[in-house]
Structures are given as structure tokens and as C-alpha cells.
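Fold and contact review
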Amino acid sequence: MPFEAGLAVMYSLVKEAPRHTYFIFEQDSKRLQKSLSDLGGSDVYAHGGTVHGVFREIGNALVAAKRRPAVKEMYEVFEQVSTGLGSIMHNAGETKPYSARVFSDLVVLANELVKQKMIHRQSGL
């Protein structure tokens, strides 16, 4: 996605644009240098191609954010979304998870799960 990454970087540099932050996630930190040499100076969050690595690096990228989910919380949502994937694919009439409808439904499910977790966290449960 070099084109999309370039747009995110450009947008972050426009003075009139609202504050915009971008993150670069890559399986191997050196692979970015091969394909996107103009992003030198950007932090690369190398996740090693594992779910745990992705969650770890999301946590590192969000260190200054107001809402910072723990790796354990991300795993819990991931497991619940993974469990719901079959039903979502069936309801969408899809055999593969890569359609726009399946992705959209997964986003809705994940957002609902996160909202529930935040309500439980705020109520002290």
C-alpha cells in the first residue's frame, strides 16, 4: 500500500489539515526501506508477521493515545471476532472473509465488543 501510505504522510504535513497521525506496520522493519525509501525518518513498527507481534506494535504505536488497549484486551476482542467470522460470512453469503460486506460486519462487531469492554471497565467489572 505505498500509495495510501504516501497520502497519509502528505496529509500529515499539510498545515491547514487537522492533526493527523499515521503509523507504519510491517512484518520486517528492513522491508519498508526496500519499497518505500521516501518514508525514511518514519517509525516502523515491525510485528514479525504474528498476531502477538501486531498487537504488541499497536500498543507501542498508541503509547501516547488517550485510549490504549492492553495486548490481552486486543486478544480477547480478536478471539471473539474470530469466533463470529463464520456466522458473518454465512449471513453475507460469502465463502471467504475478504469481501466488503464481511469486513464491514467484522468492524461493526469489533466496535460493539470494544464498547462493551469499555462499559465494563468504567463500571469496575
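Here goes a summary of the coordinates provided.

1. Details of the environment of S12
Residue placement: S12 occurs in helix α1 (residues 2-13). Judged by its relative accessible area of 27%, S12 is partly exposed. Put simply, S12 and Y22 are 10 residues apart on the chain and 7.6 Å apart in space, counted from C-alpha to C-alpha. Every residue in contact with S12, bar those within four places of it in the chain, is listed here: H20 and Y22.

2. As for the layout of surface pockets
Estimated volume of the largest pocket: approximately 550 Å³. Around the largest pocket, the lining is made up of 20 residues, and of these I58, R67, P69, M74 and V114 lie nearest the centre. If you list the elements that add at least two residues to the lining of the largest pocket, you get α3 (51-61), α4 (71-92) and α5 (100-122). No other element matches the 7 residues that α5 contributes to the lining of the largest pocket. For the lining of the largest pocket, a count of residues per class yields 15 nonpolar, 1 polar and 4 charged. Taken as a whole, the second largest pocket spans an internal volume of roughly 270 Å³. What lines the second largest pocket is simply V81, S82, L85, P97, F103, L106, V107 and A110. The leading source of residues in the lining of the second largest pocket is α5, at 4 residues. Residue classes in the lining of the second largest pocket are distributed as 7 nonpolar, 1 polar and no charged.

3. What to know about the nonpolar core
Listed in full, the 7 residues of the largest apolar core are V77, V81, I88, M89, V102, L106 and L113. At the level of elements, α4 and α5 are the ones that each hand at least two residues to this core. Here this core takes 4 residues from α4, the largest share from any one element. Among all residues touching V102, those that are not within four sequence positions of it are L85, I88, M89, A92, E94, K96 and P97.

4. Brief notes about the packing of α4 against α5
In a pair of packed helices, the angle between the axes and the distance between the axes together describe the arrangement. With their axes 9 Å apart at the nearest point, α4 and α5 run at an angle of 140° to one another. Once α4 is placed against α5, the crossing between them reads as right-handed. Residues E73, E76, V77, Q80, V81, G84, L85, I88, M89 and A92 of α4 lie in contact with α5, whose contacting residues are R101, V102, D105, L106, L109, A110, L113, V114, K117 and R121.

5. A short note on the side chain of E57
Checked against the element boundaries, E57 lands in helix α3. Given a relative accessible area of 11%, E57 falls into the buried group. In this structure the side chain of E57 is engaged in a polar contact, spanning 2.8 Å, whose partner is the side chain of R56. The contacts of E57, once residues within four sequence positions are left out, are F25, Y45, A46 and H47.

Thresholds, definitions, all that
- Residues numbered from 1 in each chain as written.
- Predicted model: local features only at pLDDT ≥ 70, side-chain atom pairs only at ≥ 80, totals over all residues.
- Heavy atoms only, no water.
- Helix = DSSP H or I, 4+ residues; strand = E, 2+ residues; numbered from the N terminus.
- Buried < 20%, exposed > 50% of the residue type's maximum accessible area, 1.4 Å probe, protein only.
- Contact = heavy atoms within 4.5 Å.
- 1 Å grid on protein atoms, 1.4 Å probe; cavity = no way out; pocket = protein on both sides within 12 Å on 5 of 7 lines; lining within 4 Å.
- Points joined across faces, edges and corners; volume = space filled by probe spheres on them.
- Nonpolar A, V, L, I, M, F, W, Y, C, P; charged D, E, K, R; others polar.
- Core = buried A, V, L, I, M, F, W, Y, C linked by side-chain atoms within 4.5 Å.
- Axes fitted to C-alpha atoms, helices over the stretch in contact; angles between N-to-C directions.
- Left-handed = near helix turned anticlockwise from the far one by under 90°.
- Polar contact = N/O pair within 3.5 Å; in protein donor to acceptor, adjacent residues only side chain to side chain.

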